[in-house]
Amino acid sequence: MKPQEQTYSKSRRLKNQIKAVVTNPYNIIVLVAIVLLVYLIVLPLLDMITTTFELAQRDLRAVGGTMDDVGTFTLYYWQRLLASELSWTMLIKPLINSLVIGVCVSVCAILLGSILAWLMVRSDLPFKKFFSLAVIIPYMIPSWCKSQAWLSMFKTSRLGGAPGFMASLGLDVPEWLAYGPIAIIIVLTLHYYAYTYLLVSSALDSINSELEEMGEIQGAGKAMILRKITLPLVLPAILSAVILTFSKAIGTFGTINYLGSPVQYYTLSSQLYMNSKSQNTQTAFAMAILMIIIASIAVFVNQKLIGSRKSYATIGGKGGRSTLIGLGKVGKPVITVVLLAFFAVGIIMPIVILILESCMLKEGIYSLENFTLHYWIGDPDPKIMEGMPGIFQNEDFINSLLNSLRLTLVNGVFGTIFGQLLGYITAKGRGKLHGKLRLGLHQGVIAGGLQVADVPGVAVVVLLLRLAAGEDGILAVNDDDMVAAIHMGSEGGLVLAPQQHSGLGGYTAQGLAGGVDDIPFAVNLTGFRHCG
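A. Expanded view of the overall build of the protein chain. From N to C terminus, the protein chain includes 22 helices and two strands. Buried residues in the protein chain amount to 43% of all 532 residues. Contacts in the protein chain between residues far apart in sequence, at least 24 positions, make up 70% of those at least 6 positions apart.

Structure follows, in structure tokens:
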């Protein structure tokens, strides 16, 4: 009987182990997360990679092939992109421009966001409730809207047709301020500093100020305390903000299209868009992969740097105390005025300029005689905007708005649920296996975010449509419906349907999408203006 009892015990123990694995909520959540990540990220990425090595029919003449060679393995697209006479124009120069934009925006946004975070959390700045809300409002304004406002303010008649507000006052605006890298960096910095502010302010708020006070008691100066105590504790948050800002800056397109195209300043995202628009799918996918690789390297470096600073974790048995640092009798009012001016320029001015432009019948003429509400509530007039009615009289606009709200609701609900699942996995997993799993899921999420960021998201949408082709829409949003904007994976925006009219030198409405919160139909207010 003893061998039978031992056999029975092993069998029962195996069943109990299987039951424990199957009924454990953590394991079920891990399985669901892996399936979703594989289907939504890994498969599209693999399809993108394999597509770049498949010969397309339109390129048969370039490689001297026949119809039998369609779909066969080729290095033509990578050779054309990396080692041909077109490499400088197609890749190297745009890549340099992208890196310049990404690095400069990251540095400026990190400095601005960190300073604002320190003022809000650690100083005795007045009106904190107002400032804490106002500081994140610029991110709620789409970057392409800021670009429109920038052009409306600084546009010159030499390149932009109708003059901007400054030029209409008789001021000579230099072209380097109106267009090009300087304008792009300023606009994107005003948009993406919110990443740093949110992350660093949260990190500062969790630090016990007694740590800094102890350093001061030991005779350390404020600079040393900041360098040796505060900065190491918030460094992981700063590095994470760098990754978010850099990856978004190199992938943005709308701002580049508005402020760079008039002076022929192109980035990798610009080249990707132009190749995608001209149906050079393989080349566009190759560019998207290169952008993902660049940002992934930055993520890898970030993980290594954060992982090497584990010794800075703080342990305490009671809640931390935060002691505010005085700004001084002179510093407090000066800093308050500077912040008010900053918010006036970064928040109020873009909104006011866009509203003002939308109420001007003819662009560039700022007078009461030119005032109109036609673009808001006007009836169709063949002499104005090609006969299109105001947005609140336009059925296409209403449908676009409703579709956008539906998609925003769906994305918000499912994005939140999926984020909670990943957060649960990260927090509850234990052991080496779970550590590798958390790292893999984290890298997968980052890669997915980079895939759907701005223009590279076009590739992912195309591939996902291949994987899930069908006629049924999400919440009655069909493939024939006009969609104003979609917030792809909390990382990028993409217009799913071209619109009938265009502005800004003939670029399509799709070409005006370029950020996480893009709403291309708003271009109707200013970009489509035409009076005959």
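B. Layout of the packing of aromatic side chains. This model, assessed by the stated rule, comprises 14 aromatic pairs. With a centroid separation of 5.2 Å and 70° between ring planes, the pair formed by Y76 and Y77 is classed as edge-to-face. Like Y76, the residue Y77 is buried in the burial classification. What links up through ring pairs into an aromatic cluster is the set F130, F131, Y193, F342 and F343.

C. How the structure looks around the nonpolar core. Within the largest apolar cluster, 29 residues are counted, with the highest numbers of intra-cluster contacts made by I101, V105, I184 and L259. Only α5 (87-122), α8 (143-154), α12 (181-205), α15 (254-259) and α18 (331-358) provide two or more residues apiece to this core. The element contributing the most residues to this core is α12, with eight residues. With residues near it in sequence (within four places) discarded, V105 still touches I185, L188, T189, Y192, T245 and A249. Counting residues in each nonpolar core, the second largest holds 26 residues, with L116, A117, I207 and I347 among its members.

D. Broad picture of the pattern of salt bridges. Within this structure, the stated rule accounts for two salt bridges. The closest approach of N and O atoms between R58 and D59, which form a salt bridge, is 3.9 Å. What makes R58 partly exposed here is its relative accessible area of 41%. Taking the relative accessible area as the measure of exposure, D59 reaches 11% and is therefore buried. The closest approach of N and O atoms between D124 and K332, which form a salt bridge, is 3.3 Å. Pair noted here: D124 is in the loop between α5 and α6 (128-134) and K332 is in helix α18, with a separation of 208 residues, a long-range link. Judged by its relative accessible area of 29%, K332 is partly exposed.

E. Broad picture of a nonpolar patch on the surface. A cluster of nonpolar side chains, contributed by I28, V32, I34, L36, V38, Y39, L40, V42, L43, L46 and I49, occupies part of the molecular surface with about 800 Å² of accessible area. Overall, the relative accessible area of 37% leaves V32 in the partly exposed class.

F. Here's a closer look at the packing of α5 against helix α16 (residues 268-277). Running from N to C, α5 and α16 cross one another at 140°; their axes reach a closest spacing of 7 Å. For the element pair α5 / α16, the angle class is oblique. Contacts between α5 and α16 involve T89, M90, L91, P94, L95 and S98 from the former and L268, S269, Q271 and N275 from the latter. Considering only residue class, the contact of α5 with α16 consists of five nonpolar, five polar and no charged.

G. Focus on the layout of surface pockets. In this structure, the second largest pocket spans a volume of roughly 600 Å³. Every element with two or more residues in the lining of the second largest pocket is listed here: α5, α12, α13 (209-217) and α14 (222-251). Counting residues per element, the lining of the second largest pocket draws most heavily on α14, which supplies eight residues. A per-class count over the lining of the second largest pocket returns 13 nonpolar, five polar and six charged.

H. Expanded view of the packing of α12 against α14. At a minimum axis distance of 9 Å, the contact between α12 and α14 shows a crossing angle of 150°. Considering the angle they form, α12 stands roughly antiparallel to α14. Crossing of α12 against α14: the hand is right-handed. Contact residues: α12 offers L188, Y192, Y195, T196, L199, V200, A203 and L204, while α14 offers T230, V234, A237, I238, S240, A241, L244, T245, K248 and A249. When its residues are assigned to classes, the contact of α12 with α14 shows 13 nonpolar, four polar and one charged.

I. Here's a closer look at the environment of I355. Mapped onto the elements, I355 comes out in helix α18. In this structure I355 comes out as partly exposed when scored by relative accessible area, which is 45%. Sequence-wise, I355 and A149 are 206 residues apart; in three dimensions their C-alpha atoms are separated by 9.6 Å.

Cut-offs applied
- Residues numbered from 1 in each chain as written.
- Predicted model: local features only at pLDDT ≥ 70, side-chain atom pairs only at ≥ 80, totals over all residues.
- Heavy atoms only, no water.
- Helix = DSSP H or I, 4+ residues; strand = E, 2+ residues; numbered from the N terminus.
- Buried < 20%, exposed > 50% of the residue type's maximum accessible area, 1.4 Å probe, protein only.
- Contact = heavy atoms within 4.5 Å.
- Phe/Tyr/Trp six-rings, centres within 6.5 Å; stacked < 30°, edge-to-face > 60°.
- Core = buried A, V, L, I, M, F, W, Y, C linked by side-chain atoms within 4.5 Å.
- Salt bridge = Lys/Arg side-chain N within 4 Å of Asp/Glu carboxyl O.
- Patch = residues over 30% accessible without salt bridge, like charges linked within 9 Å, V, L, I, M, F, W, Y side chains within 5 Å.
- Areas by Shrake-Rupley, 256 points an atom, 1.4 Å probe, with all protein chains shown as cover.
- Axes fitted to C-alpha atoms, helices over the stretch in contact; angles between N-to-C directions.
- Parallel < 35°, antiparallel > 145°, perpendicular 65-115°, else oblique.
- Nonpolar A, V, L, I, M, F, W, Y, C, P; charged D, E, K, R; others polar.
- 1 Å grid on protein atoms, 1.4 Å probe; cavity = no way out; pocket = protein on both sides within 12 Å on 5 of 7 lines; lining within 4 Å.
- Points joined across faces, edges and corners; volume = space filled by probe spheres on them.
- Left-handed = near helix turned anticlockwise from the far one by under 90°.

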